[in-house]
Amino acid sequence: MSSVVLDNVTKIYPGGHLAVDRLSLKAGDGEFLVLLGPSGCGKSTLLRMIAGLEEITEGQLWLDGQLANHLPPRERDVAMVFQSGALYPHRTVRGNISFPLEIAKSDPEMTFERVTELSKALHIDETLDRRPGTLSGGQRQRVAMGRAIVRQPKLFLMDEPLSNLDAGMRTELRMEISALVRSLGVTTVYVTHDQVEALTLADRIAILNRGVLQDVGTPAQIYNDPATAFVASFLNSQQLNLLAATVRTPQNEFVLLDFGTHRLIMPWSDPRAYAVAQHTGGQILVGLRPDGLSPVPESYDGPSFFGRVRALEYHGHEWLAYVECGVPAAAVPEPPDPRGRAGERGGGPGGFGGVVRRMFGGGRQEEPQEQERVGQNPTGGFHRRSDLVVRLGGRPAWRAGDAAKVAVDVSRLMIFTPDGARVDPPRR
Ligand SMILES: Nc1ncnc2c1ncn2[C@@H]1O[C@H](COP(=O)(O)OP(=O)(O)OP(=O)(O)O)[C@@H](O)[C@H]1O
Ligand SMILES: [Mg+2]
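Our subject in this report is the structure included herewith. Keep in mind the model is a prediction, meaning the values are calculated, not measured.

1. Concerning unusual backbone geometry
Step number 1: One non-glycine residue with positive phi stands out, namely Arg22, at about 40°.
Step number 2: Looking at the secondary structure, you find Arg22 in strand E2 (residues 17-27).
Step number 3: Despite not being glycine, Lys105 has its phi angle at roughly 55°, a positive value.
Step number 4: Within the element layout of this structure, Lys105 appears in the loop between helix H2 (93-103) and helix H3 (108-121).

Here you go:
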């Protein structure tokens, strides 16, 4: 067992490319820490620095209380599993799994038993005499996992070990990894860009974007109380509604979130009201998950938006409605490009190139005359039309073209400054 501490770690690749920017993070003894973030955000770089496969440019890495920046990989006692576990093609499954024990000159009888036992836990005991070339992708990943686990290292480092598998296999193996790793109690750092994997596996999740740590906390903390608009948007099974509003405090009676065509009242009793009121006269961003909105009859007089259903989308277990309300949608702010990196990505400083919003999927009912009006806004980011995405459950309450009233759960509004930081920062 072991702990990992990253203290202000920076990685600049030769040529000046900044991949990880002053990142501090800890994985406690026996903890399952998931690194989550979009492609290119520096997850693998971070993992490879912990493994000793990549040099740390600045900052310190501590393994089990020992400064490890210059410790050779073999002295770190870590086992790594990659996206496509490279196996020895001429060794059998048993030969592959037992390899680390053979290198360590373990007792052959003990090795045989341990491999047999482990192969049963991984459901590959019937393939022990076969070669990797004859196995399915899922079986090969299990062998790679077995080889990493067999010698019980101090630390597991896993880099998207399930991403090459189909959905069913991914779910199955996900549960097995979780059970196996937890039963061994080995500290694990697990990289993924899949939010479901992160939420289901992690003790804590660390979210990265552009080499910068955005948030770290338990899955529930990060999901319900995200530190930035980027985190709220990334950890969202449907599209996050992110709206621009002006803050007003008329006669100091309450806080008013003014969306132009619509307004929402936040009473002073709301714990966030004073923090929001600091922005009186200024712009904020309001985040609303589609399940914080619900269809209500026209007579409803609580906090609500009113509009027209532009489209319905069938997702199997639920319907989503896209309701045109005339409220201004905002793009998700990203941290500014760190030094050495500017200009490399679309959008530039304040740009939104990293966030791709899926606008249209299959199985969608849409009004025939309406044309899509997604385009580039004057500030250079992609601005989508102002549809509110509303979760409807198994039976749609509306049809495309209907007038629609949408109740807003004000207690579930997430409020951000224009650069995406929380107005009322979460306490971790
Ligand atoms: N050897 C290298 N030399 C220069 N730049 C590199 C090198 N390896 C990675 N990078 C860059 O560093 C950044 C982070 O890369 P990294 O592989 O850590 O991302 P990632 O989060 O693992 O992405 P993915 O999800 O696609 O695997 C990327 O912009 C990448 O292009
Ligand atoms: Mg990677």
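2. A look at the site of ligand 1
Step number 1: Close contacts around ligand 1 come from Tyr13, His17, Ala19, Pro38, Ser39, Gly40, Cys41, Gly42, Lys43, Ser44, Thr45 and Glu160, and that covers them all.
Step number 2: Within the backbone of Gly40, a nitrogen or oxygen atom sits 2.7 Å from an oxygen atom of ligand 1.
Step number 3: At 2.7 Å from an oxygen atom of ligand 1 is found a side-chain nitrogen or oxygen belonging to Ser44.
Step number 4: Protein burial of ligand 1: of its 630 Å² of free accessible surface, 62% is covered by the chains.
Step number 5: If you list the elements that add at least two residues to the shell around ligand 1, you get E2 and helix H1 (43-51).

3. So, the packing of aromatic side chains
Step number 1: Summed over the entire model, instances satisfying the criterion amount to 6 aromatic pairs.
Step number 2: Sitting over the ring of Phe112, Arg94 keeps its end group 3.7 Å from the ring centre.
Step number 3: Directly above the ring of Tyr223 sits Arg289, whose terminal nitrogen or CZ lies 4.0 Å from the centroid.

4. Describing the environment of Ser299
Step number 1: Inspection of the secondary structure assignment puts Ser299 in the loop between strand E15 (293-296) and strand E16 (304-314).
Step number 2: A residue is classified by how much of its surface remains accessible, and Ser299, at 65% relative accessible area, is exposed.

5. With respect to the sheet that holds strand E4 (residues 58-63)
Step number 1: Spatially, the 4 strands line up as an open sheet ordered E2-E1-E4-E5, and their pairing is antiparallel. For this open sheet the edge positions go to E2 and strand E5 (66-67), each flanked by a neighbour on one side alone.
Step number 2: Note: strand E1 (residues 4-13) against E4, 5 bridges, orientation antiparallel. Bridged to Leu6 within E4 is Leu61.
Step number 3: Across the face of the sheet, H1 comes into contact with E1, E2 and E4 while running at roughly 115° to E1.

6. Here we look at the sheet that holds strand E13 (residues 263-266)
Step number 1: Pairing is antiparallel across the open sheet formed by 5 strands, whose spatial order is E13-E12-E11-E14-E23. Bordering the open sheet on either side are E13 and strand E23 (414-416), each of which pairs with just one other strand. The average angle at which neighbouring strand axes cross in this sheet is 35°, direction not considered.
Step number 2: Two strands pair when backbone bridges link them, and strand E12 (residues 255-258) and E13 are joined in this way by 4 bridges, in the antiparallel orientation. Pairing of Leu256 across the sheet is with Ile265, part of E13.

7. Overview of the pattern of salt bridges
Step number 1: Considering all chains together, one arrives at 21 salt bridges under this definition.
Step number 2: Notably, a salt bridge pairs Arg263 with Asp258, separated by 3.6 Å at the nearest N-O pair.
Step number 3: Relative accessible area serves as the criterion here: at 9%, Asp258 is assigned to the buried category.
Step number 4: The salt bridge involving Arg391 is made with Asp291; its shortest N-O contact spans 3.3 Å.

8. Section: the nonpolar core
Step number 1: Formed by 50 residues in total, the largest nonpolar core has its most connected members in Ile97, Met158, Ile177, Tyr190, Ile207 and Leu242.
Step number 2: Top contributing element to this core by residue count: helix H4 (residues 137-149), with 5 residues.
Step number 3: Viewed by domain, this core spans two of them, domain 1 (4-229) and domain 2 (233-416), each represented by three or more residues.
Step number 4: Ignoring anything within four residues of it in the chain, the contact list for Ile177 reads Phe32, Met145, Met158, Leu162, Arg182 and Tyr190.
Step number 5: Residues Leu264, Met266, Phe305 and Val309 belong to the second largest nonpolar core, which totals 34 residues.

9. Remarks on the environment of Tyr88
Step number 1: Tracing the backbone through its elements, the reader meets Tyr88 in the loop between strand E6 (78-81) and H2.
Step number 2: Classification of Tyr88 by relative accessible area gives partly exposed; the value is 35%.
Step number 3: As for Tyr88 and Phe99, which are separated by 11 residues in sequence, their C-alpha atoms are 9.4 Å apart.
Step number 4: When neighbours within four sequence positions are excluded, Tyr88 is seen to be in contact with Asn96, Phe99, Pro132 and Arg147.

10. Describing helix H5 (residues 167-184)
Step number 1: The end-to-end C-alpha separation of H5 is 26 Å, in line with the 26 Å expected for 18 residues at 1.5 Å each.
Step number 2: Residues of H5 that are buried: Leu173, Arg174, Glu176, Ile177, Ser178, Leu180 and Val181.
Step number 3: Taken together, the buried residues of H5 touch strand E3 (32-36), H3, H4, strand E7 (155-159), strand E8 (187-192) and helix H6 (195-201).
Step number 4: The N-cap of H5, judged by a side-chain oxygen 3.1 Å from the amide nitrogen of Gly168 a few residues on, is Asp166.
Step number 5: Two residues or fewer after H5 comes Gly185, characterised by a positive phi angle close to 70°.

Reading guide: rules and limits
- Residues numbered from 1 in each chain as written.
- Chains lettered and ligands numbered in written order.
- Predicted model: local features only at pLDDT ≥ 70, side-chain atom pairs only at ≥ 80, totals over all residues.
- Heavy atoms only, no water.
- Helix = DSSP H or I, 4+ residues; strand = E, 2+ residues; numbered from the N terminus.
- Near = heavy atom within 4 Å.
- Polar contact = N/O pair within 3.5 Å; in protein donor to acceptor, adjacent residues only side chain to side chain.
- Areas by Shrake-Rupley, 256 points an atom, 1.4 Å probe, with all protein chains shown as cover.
- Phe/Tyr/Trp six-rings, centres within 6.5 Å; stacked < 30°, edge-to-face > 60°.
- Lys NZ or Arg CZ within 6 Å of the ring centre and 35° of its normal.
- Buried < 20%, exposed > 50% of the residue type's maximum accessible area, 1.4 Å probe, protein only.
- Pairing = 2+ DSSP bridges.
- Contact = heavy atoms within 4.5 Å.
- Axes fitted to C-alpha atoms, helices over the stretch in contact; angles between N-to-C directions.
- Salt bridge = Lys/Arg side-chain N within 4 Å of Asp/Glu carboxyl O.
- Core = buried A, V, L, I, M, F, W, Y, C linked by side-chain atoms within 4.5 Å.
- Domains from an automatic or database assignment.
- Expected span 1.5 Å × (residues − 1).

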